[in-house]
Amino acid sequence: MHDDHDPSLKFSPSKNMFFCFVCNKGGGPIQLVMEHEGWSFQDACLWLAKEFNIIIPENRGYVPRRVSRPKTVVKNNKSIGIYKAIDTEIGEWLLNHSGLSFEASKFLFQTRKYKPAVVEQLRIASLSEPQDITIKMERTFGYERCRKSGFFWDNEKLTLIYDSPCLLFPFYTSDGRLYSIQSRYIGTNPKTARFRFPKDVKQGIFNAQILDSTSASDRLYISEGITDCIALLSTGKKSVAFPGAGIHHHEDVLLLVNKNLYMYPDRDEAGERFYDKLNEILKPYASSIRRLSLREGCKDYSDMYLQLLKENE
């Protein structure tokens, strides 16, 4: 579809879809034929029918003909879909040996009032003594492997990328493979970054491991940010989250196609843009997100969750 020499096109046979990381085009077989062969929609359907021996009544000898379709101009030929990978074994070790500190437990269970079973299921951990955990990691895996794991700054001394005290949110693929860990700072220094991901590692969908077990009839709630997702899960709803209002990868949104989607957009401009953008990406695949309204005075679902808990005490 365009001049490109890196591996940048992804096929999903199970979903019968394709996606190009360079030009952000995707869809099903008809869209692929339209883009690659230069057919109109009707001609692409007829071409597919002929190639795969599908009988179309009253074809009346219509002959498909190509239409003029300009190629996409790609300014940067480097594939957008290529990311660095964390050392999964070290990441799992970090989660298993971090646990939940007093500060983390207070934030999760007293301030935000999340259900302990949800926090445990998501494998949320915390970091409060980075030097101690660094020493143990180096003893276990060695200096060189730790330095290349994705969890340390690229300097001579092993220094974790996460600012403590912080929560650790693990990101898994839909088949349960750990591919990233995001931190959320819970300290008091206003100059410290609130969130941090390993550098050049993909930012995907949080709690994506539930997607394969979510049927087309199940309600699936989409949230902007992880804490709203935990609040939704704490009420018994099925939920996944994007790390923020920015949609980094269209192919992640395509994982939501054919799901029964609902969303409480945050009560701000970014929340509205996020909701509109998701629907814009999903529209060509005959999918959409049903909009739900927050209560008055609530800026996001976490606020509404606390309000509902207070009323039910």
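You'll find the structure just up there.
Rules used in this analysis
Residues numbered from 1 in each chain as written. Predicted model: local features only at pLDDT ≥ 70, side-chain atom pairs only at ≥ 80, totals over all residues. Heavy atoms only, no water. Pairing = 2+ DSSP bridges. Helix = DSSP H or I, 4+ residues; strand = E, 2+ residues; numbered from the N terminus. Axes fitted to C-alpha atoms, helices over the stretch in contact; angles between N-to-C directions. Contact = heavy atoms within 4.5 Å. Buried < 20%, exposed > 50% of the residue type's maximum accessible area, 1.4 Å probe, protein only. Arc of directions from axis to C-beta. Salt bridge = Lys/Arg side-chain N within 4 Å of Asp/Glu carboxyl O. 1 Å grid on protein atoms, 1.4 Å probe; cavity = no way out; pocket = protein on both sides within 12 Å on 5 of 7 lines; lining within 4 Å. Points joined across faces, edges and corners; volume = space filled by probe spheres on them. Nonpolar A, V, L, I, M, F, W, Y, C, P; charged D, E, K, R; others polar. Phe/Tyr/Trp six-rings, centres within 6.5 Å; stacked < 30°, edge-to-face > 60°. Lys NZ or Arg CZ within 6 Å of the ring centre and 35° of its normal.

1. Quick word on the sheet that holds strand β9 (residues 238-242)
Move 1: Strand order in the open sheet formed by four strands is β9-β8-β10-β11, and the pairing between neighbours is parallel. Bordering the open sheet on either side are β9 and β11 (289-291), each of which pairs with just one other strand. Strand-to-strand, the axes of this sheet are offset by a mean angle of 35 degrees, without reference to chain direction.
Move 2: In this sheet, β11 lies alongside strand β10 (residues 260-263) in parallel orientation, the contact comprising three bridges. Across the sheet, the residue bridging to Met 263 is Arg 291, located in β11.
Move 3: The sheet contacts of helix α8 (residues 226-234) involve β8 (219-224) and β9, and relative to β9 the element is tilted by about 180 degrees.
Move 4: Helix-sheet contacts for helix α10 (residues 269-282) involve β8, β9, β10 and β11, and the interaxial angle to β11 is about 145 degrees.

2. Comments concerning helix α4 (residues 102-111)
Helical periodicity: at 3.6 residues per turn, an α-helix aligns residues three or four positions apart in one direction.
Move 1: Regarding α4, the residues found buried are Ala 104, Phe 107 and Leu 108. Along the axis of α4, the buried positions cluster into a sector of 85 degrees, meaning they face one direction only. Those residues of α4 that are exposed and angled more than 90 degrees off the buried face are Phe 102 and Gln 110.
Move 2: Looking at the buried residues of α4, the elements they touch are α5 (116-122), β4 (125-127), β5 (166-172) and β6 (178-185).
Move 3: Positioned one or two residues after α4, Lys 113 has a phi angle of 60 degrees, which is positive.

3. So, unusual backbone geometry
Move 1: Here the amide bond leading from Ser 164 into Pro 165 is cis, since omega sits at 0 degrees, within 30 degrees of zero.
Move 2: With respect to the secondary-structure elements, Pro 165 resides in the loop between α7 (143-147) and β5.
Move 3: Despite not being glycine, Arg 123 shows a phi value in the positive range, around 60 degrees.
Move 4: Its place among the elements puts Arg 123 in the loop between α5 and β4.
Move 5: Non-glycine residue Asn 258 carries a positive phi angle of around 70 degrees.
Move 6: Mapping Asn 258 onto the fold places it in the loop between α9 (250-253) and β10.

4. Some thoughts on the sheet that holds β4
Move 1: Read across the sheet, four strands follow the order β4-β5-β6-β7 without closing on themselves; strand pairing throughout is antiparallel. If you trace the sheet from one side to the other, it starts and ends with β4 and β7 (195-196), each paired once.
Move 2: Here three bridges tie β4 to β5, and the two strands are oriented antiparallel to one another. Counterpart to Leu 127 in the pairing with β5 is Cys 166.

5. A few points about the environment of Phe 21
Move 1: Take Phe 21: it is sitting in the loop between β2 (17-20) and β3 (26-27).
Move 2: For Phe 21, a relative accessible area of 13% puts it in the buried group.

6. Details of the pattern of salt bridges
Move 1: One pass over the full model with this rule turns up 16 salt bridges.
Move 2: One salt bridge in this structure joins Asp 87 and Arg 145, with 2.7 Å as the shortest N-O distance. Taken as a pair, Asp 87 in the loop between α2 (41-51) and α3 (88-96) and Arg 145 in helix α7 lie far apart in primary sequence, 58 residues in all.
Move 3: Look at Arg 145 and you get partly exposed, because its relative accessible area is 34%.

7. A short note on empty space enclosed by the protein
Move 1: Evaluated as defined, the whole model comprises two cavities of 30 Å³ or more.
Move 2: Approximately 40 Å³ is the volume found for the largest cavity.
Move 3: Forming the boundary of the largest cavity are Ile 222, Ser 223, Glu 224, Asp 228, Leu 232, Tyr 264, Asp 266 and Tyr 301.
Move 4: When contributions to the lining of the largest cavity are tallied by element, the ones reaching two or more residues are β8 and α8.
Move 5: No other element matches the three residues that β8 contributes to the lining of the largest cavity.
Move 6: By residue class, the composition of the lining of the largest cavity is four nonpolar, one polar and three charged.

8. Section: the packing of aromatic side chains
Move 1: Enumeration according to the criterion identifies eleven aromatic pairs in this entry.
Move 2: A centroid spacing of 5.4 Å and a plane angle of 65 degrees characterise the contact between Phe 171 and Phe 206, whose relative ring orientation is edge-to-face. Linking Phe 171 in strand β5 with Phe 206 in the loop between β7 and β8, this pair joins segments that are 35 residues apart in sequence. Neither Phe 171 nor Phe 206 differs from the other in exposure class; each is buried.
Move 3: Linked through ring pairs, Phe 169, Phe 171, Tyr 179, Phe 197 and Phe 206 together constitute an aromatic cluster.
Move 4: Sitting over the ring of Tyr 275, Arg 291 keeps its end group 5.4 Å from the ring centre.

9. A word on the pairing of β5
Move 1: Among the seven residues of β5, seven are classified as buried, and the element is accordingly described as predominantly covered.
Move 2: Of the two faces of β5, the one carrying Cys 166, Leu 168, Pro 170 and Tyr 172 and the one carrying Leu 167, Phe 169 and Phe 171 are both buried.
Move 3: Pairing between β5 and β6: seven bridges, direction antiparallel. Along β6, the bridge assignment pairs Cys 166 with Tyr 185.
Move 4: What sits between the antiparallel neighbours β5 and β6 is a turn of five residues, in which Gly 176 has the positive phi angle 90 degrees.

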